[in-house]
Amino acid sequence: AQSVTQLDSQVPVFEEAPVELRCNYSSSVSVYLFWYVQYPNQGLQLLLKYLSGSTLVKGINGFEAEFNKSQTSFHLRKPSVHISDTAEYFCAVRPSGGYQKVTFGTGTKLQVIP
Amino acid sequence: SAVISQKPSRDICQRGTSLTIQCQVDSQVTMMFWYRQQPGQSLTLIATANQGSEATYESGFVIDKFPISRPNLTFSTLTVSNMSPEDSSIYLCSVEDPQGLSSYNEQFFGPGTRLTVL
């Protein structure tokens, strides 16, 4: 079974400051990793995904994440946040190969302060 | 990608009643999923719905409480039966690999149905 831990339930950050949202996972098999964003009153939208290859993954809206296998982490970063980045961010993991159930983390609420 | 719509977008219901949520996708998909997102919590998979077969329910969810229909490759419904306040949640429809392009499919989500049970 897989598990995902997002240690920070809320992260306040000033506008134009950098931000890192942490995600650690646990799995006995190789995995694919995802970050989703949920804006208020909306569904989830994929920010980026790691499948294989380069450990640095770039996504939409200027976000990027780095897969660290030894630390079993997949932290999300953005060098300069905007007010519009205020949302909830979910890390997710699924075993690689064929259909496998996706496991979501508990989410991190990013609050960008003007 | 896939465009997913859900109806209703929100509803307020009385205890003991039932609500059917519709999910419509703009392309044919094999696998559809229903999730629940309780206030302040993450997503919990209720069931997987494949066309032509009965839905597969996750632990803690039963067909009598959450019957699902999947009449074709673009549509599904989830019914929340005999509702109680504990069923107040966001219910999300999700699909995977709408064009069969990959085996490591990301999931696409509908906007959700916000249900409040009084």
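These numbers were taken from a predicted model, which means no experiment stands behind them.

Engineer: What should I look at first to understand the overall build of chain A in this one?
Structural biologist: A tally of regular secondary structure across chain A gives 0 helices and 12 strands. Its helices and strands taken in sequence order, chain A reads β-β-β-β-β-β-β-β-β-β-β-β from the N to the C terminus. If one aligns the C-alpha atoms of chain A with their principal axes, the spans along those axes are about 40 × 30 × 20 Å. Out of the 114 residues in chain A, the part that is buried amounts to 46%.

Engineer: For this particular structure, what's the right way to read the packing of aromatic side chains?
Structural biologist: For any two aromatic rings, the description comes down to two numbers: the centre-to-centre distance and the angle of the planes. Counting across every chain of the model gives 11 aromatic pairs over all chains. Relative to Tyr89(A), the ring of Phe63(A) has its centre 5.4 Å away and its plane inclined at 45°; by these criteria the two rings are tilted. A residue pair is termed long-range when its members are at least 10 positions apart, and Phe63(A) in the loop between strand S7 (56-58) and strand S8 (64-68) and Tyr89(A) in strand S10 (residues 87-95) qualify at 26 residues. Per residue, the accessibility class of Phe63(A) equals that of Tyr89(A), and both read buried. A ring pair is formed by Phe104(A) and Tyr35(B), whose centres lie 5.7 Å apart and whose planes are at 90°; its orientation type is edge-to-face. Of the two residues, Phe104(A) is situated in strand S11 (residues 103-104) and Tyr35(B) in strand S4 (residues 31-37); the pairing between them involves two chains. Tyr35(B) shares its class with Phe104(A); the two are buried. Clustering of aromatic rings is evident, with ring pairs tying together Phe34(A), Tyr36(A), Phe104(A), Tyr35(B) and Phe109(B).

Engineer: What am I meant to see in the state of the cysteines here?
Structural biologist: By definition, a disulfide links two cysteine residues through a covalent bond between their sulfur atoms. All told, the structure shown has 2 disulfides over all chains when counted by the stated rule. Across the disulfide from Cys23(A) sits Cys91(A); the S-S distance is 2.0 Å. Handedness here is read from the sign of the S-S torsion; for Cys23(A) and Cys91(A), about -65°, the answer is left-handed. On the criterion of sequence distance, the pair formed by Cys23(A) in the loop between strand S3 (19-21) and strand S4 (24-26) and Cys91(A) in strand S10 is long-range, its members being 68 residues apart. According to the relative accessible area criterion, Cys23(A) is buried, its value standing at 0%. Residue Cys91(A) is classed as buried on the basis of its relative accessible area, which comes to 0%. The residue that forms a disulfide with Cys23(B) is Cys93(B), at a sulfur-sulfur distance of 1.9 Å.

Engineer: How do you make sense of the side chain of Glu88(A) when you look at a structure like this?
Structural biologist: Along the chain, the position of Glu88(A) falls in strand S10. The residues touching Glu88(A), leaving out its near neighbours within four places in the chain, are Tyr36(A), Val37(A), Gln38(A), Thr106(A), Gly107(A), Thr108(A) and Lys109(A).

Engineer: Got a minute to help me understand the pairing of strand S6 (residues 44-50) of chain A in this structure?
Structural biologist: Working note: regular strand, side chains alternate between the two faces of the sheet. All names here are of chain A. The element S6 is largely enclosed, with a buried count of 5 among its 7 residues. Two strands pair when backbone bridges link them, and strand S5 (residues 31-38) and S6 are joined in this way by 6 bridges, in the antiparallel orientation. Bridging from a neighbouring strand, Tyr36 pairs with Leu46 of S6.

Engineer: Which parts of the structure should I look at to understand the sheet that holds strand S7 (residues 68-72) of chain B?
Structural biologist: Where strands meet in a sheet, backbone hydrogen bonds hold them as pairs that are either parallel or antiparallel. Residue and element names in this part refer to chain B. Across the sheet, 4 strands lie side by side as S1-S3-S8-S7; this open sheet has antiparallel pairing. Edge positions in the open sheet fall to strand S1 (4-7) and S7, since each of these has one partner strand only. Put simply, the sheet's adjacent strands are angled 15° from each other on average, direction ignored. Where S1 meets strand S3 (residues 19-25), 4 bridges bridge the pair, whose relative direction is antiparallel. The residue bridging Ser5 from the neighbouring strand is Gln24, located in S3.

Engineer: It is not clear to me how the interface of chain A and chain B should be interpreted in this structure. Could you clarify?
Structural biologist: Interfaces are often sized by the accessible area lost when the parts come together. With 20 residues of chain A at the interface, the matching set in chain B holds 22 residues. Both faces considered, chain A and chain B share a buried interface measuring about 1,700 Å² in area, 53% of it formed by carbon and sulfur atoms. Here chain A and chain B share 2 salt bridges between them. Counting across the interface, chain A meets chain B through 7 residue pairs in polar contact (both at pLDDT 80 or more). Mapped onto the side of chain A that touches chain B, the elements with two or more residues apiece are S5, S6 and S10 of chain A. Sorting elements by how many residues they give to the side of chain A that touches chain B places S5(A) first, with 4 residues. Considered class by class, the residues forming the side of chain A that touches chain B number 10 nonpolar, 7 polar and 3 charged.

The rules behind these values
Residues numbered from 1 in each chain as written. Chains lettered and ligands numbered in written order. Predicted model: local features only at pLDDT ≥ 70, side-chain atom pairs only at ≥ 80, totals over all residues. Heavy atoms only, no water. Helix = DSSP H or I, 4+ residues; strand = E, 2+ residues; numbered from the N terminus. Buried < 20%, exposed > 50% of the residue type's maximum accessible area, 1.4 Å probe, protein only. Phe/Tyr/Trp six-rings, centres within 6.5 Å; stacked < 30°, edge-to-face > 60°. Disulfide = S-S within 2.5 Å. Contact = heavy atoms within 4.5 Å. Pairing = 2+ DSSP bridges. Axes fitted to C-alpha atoms, helices over the stretch in contact; angles between N-to-C directions. Buried area = accessible area lost by both parts, 1.4 Å probe. Salt bridge = Lys/Arg side-chain N within 4 Å of Asp/Glu carboxyl O. Polar contact = N/O pair within 3.5 Å; in protein donor to acceptor, adjacent residues only side chain to side chain. Nonpolar A, V, L, I, M, F, W, Y, C, P; charged D, E, K, R; others polar.

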